[in-house]
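Summary of structural features
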Amino acid sequence: MKIFIAGASGAIGGHLVPQLVARGHEVVGTTRSAAKTAALRELGAEPVIVDALDPDSVADAVARAEPEVIVHQLTALSGPADFRHVKRMAAATDRLRTEGTDHLLAAARAVGVSRFVAQSNAMWMERTGGPVADENGRIEPNPPADIERSVAALRHLEEAVTGITWGDGIALRYGGFYGPGTGISAEPDAVMTEQIGKRKFPIVGGGGGVWSLVHITDAASATVAAIERGKPGIYHVADDEPAPVRDWLPELARALGAKPPRRVPALVVRLLAGKGPVDLMTQARGVSSEKIKRELGWAPRYPTWRTGFTEGLR
């Protein structure tokens, strides 16, 4: 198939593009930066520079490519982890998940795209119903005020994509990425790796928030499965061991050769960073990926973060 990947130069694109090319697909990959076109070409994609927030730019690129499938992996989650920059990244990503999604859907419909696969996030499942949610669970309807806009953007993306009637709309709720090219890897300049090394990524309160994680190569292979044989709706993409932050974070620090994470009272973090980060660290729910394994035959190479941290960070 001919596949158009919006955001192909992001963390998952570096793994998704070569997997698709190896399976015989023709890939067109977008980037905002001319400096990244050579890297995309080396991966096997035809690069195209697109401003995802400009509807004419998106429409023109999609019309020229005439793809059968569009994959929406647009985010703005890169750069330093200081508080001010993180807020800017979140705001930019929110626009990509709302305006960017709408532009891509309009362009897809205009050229007769048959399948649209989009990146969602499993971190903001509704905070009731037990530690692990399946696809019947919904995005949290009442998030903390400081994260409300970002959660609403996820909700918009999922509803817009799965609501299309002219093609198969699929939203993938990914767990937290780790592995080469992500914020958690053996690369010393990886954002979270650097923060963990400086003991600036603490266990907040009791650390009871349950996170689902997924190695980036497994996230890519699940995306390939959705592209090739997914059905309309939502799939969770994560490993088989959702776990509280207090369990997996010390193991990650150990795998990175860092000192154990500090423990910081929730009240202190709430005052410094807001209620959203505290909620993630203390109230988050994990997800089950049984649906994508059962329906699409997907199996993660790293079924638990325990082996992923020791074998898959490089």
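See above for the structure.
Below, the structure is looked at part by part.

Attention shifts here to the overall build of the protein chain. Helix and strand counts for the protein chain stand at 12 helices and 15 strands. Over its C-alpha atoms the protein chain spans a radius of gyration of 19 Å, differing by no more than 12% from the 20 Å that the globule rule assigns to 314 residues. Evaluated residue by residue, the protein chain yields a buried proportion of 52% over its 314 residues. The long-range share in the protein chain, meaning contacts at least 24 apart out of those at least 6 apart in sequence, stands at 76%. For the protein chain, the computed accessible surface area is about 13,800 Å², with 51% contributed by carbon and sulfur atoms. Computed over 37 positive and 36 negative side-chain charges, the separation of the two mean positions in the protein chain equals 6 Å.

A cluster of nonpolar residues, Leu267, Val268, Leu271 and Leu272, forms a patch on the protein surface that exposes about 440 Å² of accessible area. Along the polypeptide, leucine 272 turns up in helix 9 (residues 266-273). On the basis of relative accessible area, leucine 272 is assigned to the exposed category, the value being 67%.

So, on to the packing of aromatic side chains. Counted by the stated rule, this structure contains four aromatic pairs. Between the aromatic rings of tyrosine 174 and phenylalanine 177, the centroid separation amounts to 5.2 Å while the plane-to-plane angle is 65°, which identifies the pairing as edge-to-face. In this structure tyrosine 174 comes out as buried when scored by relative accessible area, which is 1%. Ring centres of tyrosine 178 and phenylalanine 309 lie 5.2 Å apart, and the angle between their planes is 75°; this geometry places the pair in the edge-to-face category. One end of the pair, tyrosine 178, is in strand 8 (residues 176-178); the other, phenylalanine 309, is in helix 12 (residues 305-311), and 131 residues separate them in sequence. Phenylalanine 309 shares its class with tyrosine 178; the two are buried. An aromatic cluster is defined as three or more aromatic residues linked by ring pairs; in this entry it consists of Tyr178, Trp305 and Phe309.

Here the focus is the packing of helix 9 against helix 10 (residues 275-283). Between helix 9 and helix 10, the least distance of the axes is 7 Å, while the angle of their chain directions is 145°. Each of Ala266, Val269, Arg270 and Ala273 in helix 9 lies in contact with helix 10, whose residues at this interface are Lys275, Pro277 and Val278. Partitioned by chemical class, the residues of the contact of helix 9 with helix 10 number five nonpolar, no polar and two charged.

Following the sequence through the fold, glutamate 126 ends up in the loop between strand 5 (115-121) and strand 6 (132-133). Not counting residues up to four positions away in its chain, the partners in contact with glutamate 126 are Arg138, Ile139, Glu140, Pro141 and Arg285.

Considering all chains together, one arrives at 14 salt bridges under this definition. Salt-bridge contacts for arginine 127 lead to aspartate 279; the nearest nitrogen and oxygen are separated by 2.7 Å. Here arginine 127, found in the loop between strand 5 and strand 6, pairs with aspartate 279, found in helix 10; they are 152 residues apart in sequence, far enough to count as distant. For arginine 127, a relative accessible area of 18% translates into the label buried. Residues participating in the shared-partner salt-bridge network are Arg23, Glu228 and Arg229.

About the cut-offs
Residues numbered from 1 in each chain as written. Predicted model: local features only at pLDDT ≥ 70, side-chain atom pairs only at ≥ 80, totals over all residues. Heavy atoms only, no water. Helix = DSSP H or I, 4+ residues; strand = E, 2+ residues; numbered from the N terminus. Rg over C-alpha atoms; globule rule 2.2 N^0.38 Å. Buried < 20%, exposed > 50% of the residue type's maximum accessible area, 1.4 Å probe, protein only. Contact = heavy atoms within 4.5 Å. Areas by Shrake-Rupley, 256 points an atom, 1.4 Å probe, with all protein chains shown as cover. Lys, Arg positive; Asp, Glu negative; His and termini not counted. Charge placed at Lys NZ, Arg CZ, Asp CG, Glu CD. Patch = residues over 30% accessible without salt bridge, like charges linked within 9 Å, V, L, I, M, F, W, Y side chains within 5 Å. Salt bridge = Lys/Arg side-chain N within 4 Å of Asp/Glu carboxyl O. Phe/Tyr/Trp six-rings, centres within 6.5 Å; stacked < 30°, edge-to-face > 60°. Axes fitted to C-alpha atoms, helices over the stretch in contact; angles between N-to-C directions. Nonpolar A, V, L, I, M, F, W, Y, C, P; charged D, E, K, R; others polar.

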